[in-house]
Amino acid sequence: MKRRDFQIALLGSALGNLAEAKRKPHIPPATAPPIDAMAQIKALHITTGPLANGYLVAPHGRLNWYFTNLGLISIVQYLTPSELDTYIRTYLDLYLSRTESNYTIQDVNFNDLSLQNITLVPSDSDNSYAATLLTLVSRYLKASSNWAWWELHKAQLKNIIYANIATVQKPNGLCRVFQLPRTSPVSNFGYLMNNIEDYRGLRDYAAILAQRGESADANYYNNIATTITQSIIIYLWDSARSGFRVSDQDARADTSTFYPGATCQIFPQAFNVPELSSYYTQAYQFLNTYAPQWTQEVYDPYPWTILGYVAAKRGDTARAVLQLQASDLKFATHPEYLTINELGFYQRTRSLLNGFADT
């Protein structure tokens, strides 16, 4: 299942008030105040029940670990030491406590508003969940210097990244979606988006290992990351269309869809893959050519704030600001569509435009 299809299914089933909201006509305001993304992410923090210290993906939504990782990555650098403990460290502890014997993790549906009754749901992928977890861990350790936490959990973290990224690398160098024996119609695909996230998680994890003197393991995971980028160039770059293929199962870059064809283009720059920097501009032009109204958020109910984030990174301030304004309007009328990951990239966009480093 493709990840955006999954997110739509997620909210369609988990947000009980969404259908009712759609039936009620509304007139959106001409303008809306800026979103306080930090406050909104904190408001999704679960404080009761068996998943306390997790996060709702949106008000009345499920707990999706992957989207939560992306949302929390954005706020780590702004948290005080006590907030790091409250909002990040306890979440990481919960994540690690919920991993299965094979080091995968299942998402959680809440069956009622008490958050006490739950149903486990298979994850959308194995590799992206693990990769974004490691990036969040890296940011947490950089901010907190809590090396006692690292020593306590480093063996489990090593097992997670080995089982979900190293062992799912295919002969062509790209990583498949799931560990075997789990299969799906797309389980053997090497997706650009997933592999970019894998790259980032591997590099971040290897940097921790190198800092802690574990050079052999650092080199091992850095080599996997390097192979992924080499394989992306060979198997996923379409020189004829000057864009990235969605996966290694596609013959050409997809010019017909917003997601995933246009949106995947900016992932190498969003996740800082310097080996692919020579493709950043062409890929960004691909997005603007085949989805020119992305700043108005007309192609998808979700805002895709990661696009504005990349615009801000590129110094394309006009487009980044336009999308922020569109997201403000969307949040004023449909806050359920600014999920925790969307809020995270919104925060990162606004931070860049305000002159703050994205560390």
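Keep in mind it's a predicted model, so treat the numbers as computed, not measured.

S.K.: Help me get a handle on the overall build of the protein, residues and values and all.
M.R.: Of regular secondary structure, the protein possesses 15 helices and four strands. Here the C-alpha atoms of the protein give a radius of gyration of 19 Å, agreeing with the 21 Å that 2.2 N^0.38 yields for 359 residues. Along the three orthogonal principal directions, the C-alpha set of the protein runs to about 60 × 55 × 40 Å. Working note: accessible area of the protein is about 14,300 Å², and carbon and sulfur atoms make up 53% of it. The protein carries 29 positive and 29 negative side-chain charges, and their two centres are separated by 3 Å.

S.K.: I'd like a description of helix α7 (residues 147-164), backed by residues and values.
M.R.: With 18 residues, α7 should reach 26 Å at 1.5 Å per residue; the first-to-last C-alpha distance of 24 Å fits that figure. H153 marks where α7 bends most, by close to 60 degrees. All buried positions along α7 are accounted for by W147, W149, W150, H153, L157, I160, I161, A163 and N164. Each element contacted by the buried residues of α7 is listed here: α5 (81-97), α6 (127-144), α8 (192-211) and α9 (215-235).

S.K.: Residues and numbers for unusual backbone geometry, please.
M.R.: The omega torsion of the bond from L180 to P181 falls at 10 degrees, within 30 degrees of zero and hence cis. By the secondary structure assignment, P181 is in the loop between α7 and α8. The amide bond that connects Y259 to the next residue, P260, takes the cis arrangement and shows omega of 5 degrees. Residue placement: P260 occurs in helix α10 (residues 258-262).

S.K.: Which residues make up the state of the cysteines, and what values go with them?
M.R.: By the definition in use, this model includes zero disulfides. No disulfide involves C175; its sulfur sits 17 Å from the nearest other cysteine sulfur, which is in C264. Here C175 falls in the buried class, since its relative accessible area comes to 1%.

S.K.: Which residues make up the packing of helix α14 (residues 317-333) against helix α15 (residues 340-353), and what values do they have?
M.R.: Two elements in contact, α14 and α15, have axes whose closest approach is 11 Å; the angle formed by their N-to-C orientations is 135 degrees. Relative to α15, the element α14 is oriented oblique. Note on packing geometry: the crossing formed by α14 with α15 is left-handed. Between α14 and α15, the residues in contact are T317, A320, V321, L324, S327 and D328 and Y346, T349, R350 and L353, respectively. Partitioning the contact of α14 with α15 into residue classes produces five nonpolar, three polar and two charged.

S.K.: Outline a nonpolar patch on the surface, listing residues and values.
M.R.: The grouping of I233, I234 and Y235 at the surface amounts to a nonpolar patch, some 280 Å² of accessible area in total. One can find Y235 in helix α9.

S.K.: Outline the environment of F286, listing residues and values.
M.R.: Relative to the helices and strands, F286 resides in helix α12 (residues 280-290). Distance in space between the C-alpha atoms of F286 and G243 is 6.1 Å, their sequence separation being 43 residues. Discounting chain neighbours no more than four positions away, the residues touching F286 are R241, S242, G243, A253, D254, T255, G261, A262, Q265 and A291.

S.K.: Give a detailed account of the packing of aromatic side chains, specifying residues and quantitative values.
M.R.: Going through the model one piece at a time under the given rule, you end up with 23 aromatic pairs. Look at F271 and F345: their rings are 6.4 Å apart centre to centre, the planes differ by 75 degrees, and that puts the pair in the edge-to-face class. Taken together, the positions of F271 in the loop between α11 (267-270) and α12 and F345 in helix α15 put the pair 74 residues apart, joining distant regions of the chain. A relative accessible area of 9% means that F271 is categorised as buried. Residue class for F345 comes out buried when judged on its relative accessible area of 4%. Aromatic ring contacts, followed pair by pair, group Y55, W65, Y91 and Y95 into a single cluster.

S.K.: So what's going on with the side chain of D254? Which residues, and what values?
M.R.: On the secondary structure map, D254 appears in the loop between β4 (243-244) and α10. Contact partners of D254, with chain neighbours within four places excluded, come to V246, G261, A262 and F286.

S.K.: Which residues make up the side chain of N195, and what are the values?
M.R.: Mapped onto the elements, N195 comes out in helix α8. What makes N195 buried here is its relative accessible area of 0%. When sequence neighbours within four positions are dropped, the list of residues in contact with N195 reads L174, C175, G190, I228 and I232.

S.K.: Give me the lowdown on the environment of T281, citing residues and values where you can.
M.R.: You can see T281 is positioned in helix α12. Note: C-alpha distance between T281 and I266 (15 residues apart in sequence) is 9.2 Å.

S.K.: Tell me about the pattern of salt bridges, and name the residues and values.
M.R.: Applying the stated criterion to the full structure yields 17 salt bridges. A salt bridge links E83 to K42; the shortest N-O distance between them is 2.8 Å. Linking E83 in helix α5 with K42 in helix α3 (residues 37-43), this pair joins segments that are 41 residues apart in sequence. Among the salt bridges present, the one from K170 reaches D248, with a minimum N-O distance of 2.5 Å. Highlighted residues: K170 in the loop between α7 and α8 and D248 in the loop between β4 and α10, separated in sequence by 78 residues. Residue K170 shares its accessibility class with D248, and that shared class is buried. Several salt bridges converge on common partners, so that one network encompasses E151, K154, K158, R212, E214 and D217.

What counts, and where the lines are drawn
Residues numbered from 1 in each chain as written. Predicted model: local features only at pLDDT ≥ 70, side-chain atom pairs only at ≥ 80, totals over all residues. Heavy atoms only, no water. Helix = DSSP H or I, 4+ residues; strand = E, 2+ residues; numbered from the N terminus. Rg over C-alpha atoms; globule rule 2.2 N^0.38 Å. Areas by Shrake-Rupley, 256 points an atom, 1.4 Å probe, with all protein chains shown as cover. Lys, Arg positive; Asp, Glu negative; His and termini not counted. Charge placed at Lys NZ, Arg CZ, Asp CG, Glu CD. Expected span 1.5 Å × (residues − 1). Bend = angle between axes of the 7 residues up to and from the residue. Buried < 20%, exposed > 50% of the residue type's maximum accessible area, 1.4 Å probe, protein only. Contact = heavy atoms within 4.5 Å. Disulfide = S-S within 2.5 Å. Axes fitted to C-alpha atoms, helices over the stretch in contact; angles between N-to-C directions. Parallel < 35°, antiparallel > 145°, perpendicular 65-115°, else oblique. Left-handed = near helix turned anticlockwise from the far one by under 90°. Nonpolar A, V, L, I, M, F, W, Y, C, P; charged D, E, K, R; others polar. Patch = residues over 30% accessible without salt bridge, like charges linked within 9 Å, V, L, I, M, F, W, Y side chains within 5 Å. Salt bridge = Lys/Arg side-chain N within 4 Å of Asp/Glu carboxyl O. Phe/Tyr/Trp six-rings, centres within 6.5 Å; stacked < 30°, edge-to-face > 60°.

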